[in-house]
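Analysis of the macromolecular model
Residue strings, one per chain:
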Amino acid sequence: MNDYDVVLLIEQALTPADAAQVRSLHEGLDEPVTYHVLLPLEDAAARIETAMGSLSAGEMMASPALAMSDAEMEALRKECADRSAIELQATLDALDAAGADATGQVISGPPIEALGAKVKEVDGREAIILTRPHVVAEFFHLDWTSQARRKIGVPVLHLLEHENFDEQAGGGEGVTGA
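Residues numbered from 1 in each chain as written. Predicted model: local features only at pLDDT ≥ 70, side-chain atom pairs only at ≥ 80, totals over all residues. Heavy atoms only, no water.

1. Focus: the overall build of the protein
Looking only at helices and strands, one finds 8 helices and 5 strands in the protein. Along its sequence from the N terminus, the protein presents helices and strands in the succession β-α-β-α-α-α-β-α-β-α-α-β-α. Looking at the protein residue by residue over its 178 residues, the buried ones come to 35%. Relative to all contacts within the protein whose residues are 6 or more apart in sequence, the contacts with residues 24 or more apart total 81%. By element, 55% of the accessible surface of the protein is carried by carbon and sulfur atoms, the whole surface being about 10,400 Å². (Helix = DSSP H or I, 4+ residues; strand = E, 2+ residues; numbered from the N terminus. Buried < 20%, exposed > 50% of the residue type's maximum accessible area, 1.4 Å probe, protein only. Contact = heavy atoms within 4.5 Å. Areas by Shrake-Rupley, 256 points an atom, 1.4 Å probe, with all protein chains shown as cover.)

2. Details of the pairing of strand S4 (residues 126-131)
When you tally the buried positions in S4, you get 6 out of 6 residues, the bulk of the element. Alternating positions in S4 separate into two faces, Glu126, Ile128 and Leu130 on one and Ala127, Ile129 and Thr131 on the other, with burial throughout.

3. Examining the confidence of the model for the protein
Taken as a whole, the protein shows an average pLDDT of 78; of its residues, 66% reach a score of 70 or greater. Per-element mean pLDDT across the protein ranges from 48 in helix H3 (residues 57-62) up to 97 in strand S3 (residues 101-107). Between residues 170-178, whose pLDDT stays under 50, and residues either more than four places distant or in other chains, the model counts 5 contacts. (pLDDT = per-residue confidence, 0-100.)

4. Section: the nonpolar core
The biggest cluster of nonpolar side chains holds 19 residues, and the ones touching the most others in it are Leu8 and Leu130. Residue assignment for this core shows that the elements contributing at least two residues are strand S1 (4-10), helix H1 (16-24), strand S2 (33-40), helix H4 (70-97) and S4. Ignoring anything within four residues of it in the chain, the contact list for Leu8 reads Val22, Tyr35, His36, Val37, Leu38, Leu95, Ile128 and Leu130. One finds Leu9, Ile107, Val119 and Val154 within the second-largest nonpolar core, a separate group that totals 15 residues. (Core = buried A, V, L, I, M, F, W, Y, C linked by side-chain atoms within 4.5 Å.)

5. Here's the deal with the pattern of salt bridges
Taken as a whole and judged by the stated rule, the model has 5 salt bridges. A salt bridge links Arg77 to Glu74; the nearest nitrogen and oxygen atoms lie 3.9 Å apart. You can see Arg77 and its partner Glu74 sitting in helix H4, 3 residues apart, about one turn around the helix. Looking at Arg77, the relative accessible area reads 42%, which means it is partly exposed. (Salt bridge = Lys/Arg side-chain N within 4 Å of Asp/Glu carboxyl O.)

6. Some details on a negative patch on the surface
Taken together, the side chains of Asp3, Asp93, Asp96 and Asp101 make up a negatively charged region of the molecular surface. The residue Asp96 is located in helix H4 in this model. (Patch = residues over 30% accessible without salt bridge, like charges linked within 9 Å, V, L, I, M, F, W, Y side chains within 5 Å. Lys, Arg positive; Asp, Glu negative; His and termini not counted. Charge placed at Lys NZ, Arg CZ, Asp CG, Glu CD.)

7. Points about H4
Across its 28 residues, H4 extends 40 Å between first and last C-alpha, which sits within 8% of the 40 Å expected from 1.5 Å per residue. Where H4 ends, the next residue or the one after it, Gly99, has phi of about 90°, a positive value. (Expected span 1.5 Å × (residues − 1).)

8. Comments concerning unusual backbone geometry
Even without being a glycine, Asp123 presents a positive backbone phi close to 55°. Note that Asp123 resides in the loop between helix H5 (111-122) and S4. On the accessibility criterion, Asp123 (61% relative accessible area) is exposed.

9. Points about the environment of Val7
Along the chain, Val7 turns up in strand S1. Val7 gets classed as buried once you look at its relative accessible area, which sits at 0%. C-alpha of Val7 to C-alpha of Gly124: the two residues are 117 residues apart in sequence and 6.5 Å apart in space. Apart from residues no more than four positions distant in its own chain, Val7 is found in contact with His36, Leu38, Leu115, Lys118, Val119, Val122, Glu126, Ala127 and Ile128.

10. Examining the side chain of Glu126
Within the secondary structure layout, Glu126 lies in strand S4. The side chain of Glu126 is buried and forms no salt bridge, while Arg125, the nearest opposite charge, is found at 7.7 Å. At a separation of 3.2 Å, a polar atom in the side chain of Glu126 contacts the side chain of His26. Setting aside residues up to four positions removed in sequence, Glu126 forms contacts with Tyr4, Asp5, Val6, Val7, His26, Val154 and Pro155. (Polar contact = N/O pair within 3.5 Å; in protein donor to acceptor, adjacent residues only side chain to side chain.)

Following this line, the structure appears as structure tokens:
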């Protein structure tokens, strides 16, 4: 009997509740389920750009020494790699505690390409993308889920981290009752 392979693309470590929710999706299947977790490496350059983008023009003019040395940049890259490895291990531990069989890897390339490659590699039956809410990206269909649905050819489920199924079904992001 072949495993039912599910590829998970996540942005940050799963909580025990997230892991239990993912595991609950596959309870009762006859085949053993194996989860393959992909966690994109936190991008040191993006962190720097974000930090610099939050500075006002006046602050940048007053501080011409914002350039980072190669050693500082390498230290930041290592910090990002270490953080990603810790988040991946926390996710694997949470899935294990939820009764799931899971493997994982930190990826450095484009997330959707890695997702498609992993689905193909393991003959995945479905993909699950767990993200924080990205209202603007989803509005313009630039999010990972929209890209994956166009690209990989297996069912793709998009879950929001830290929200249970009932919360996610509650009328959509940003919608409030009147």
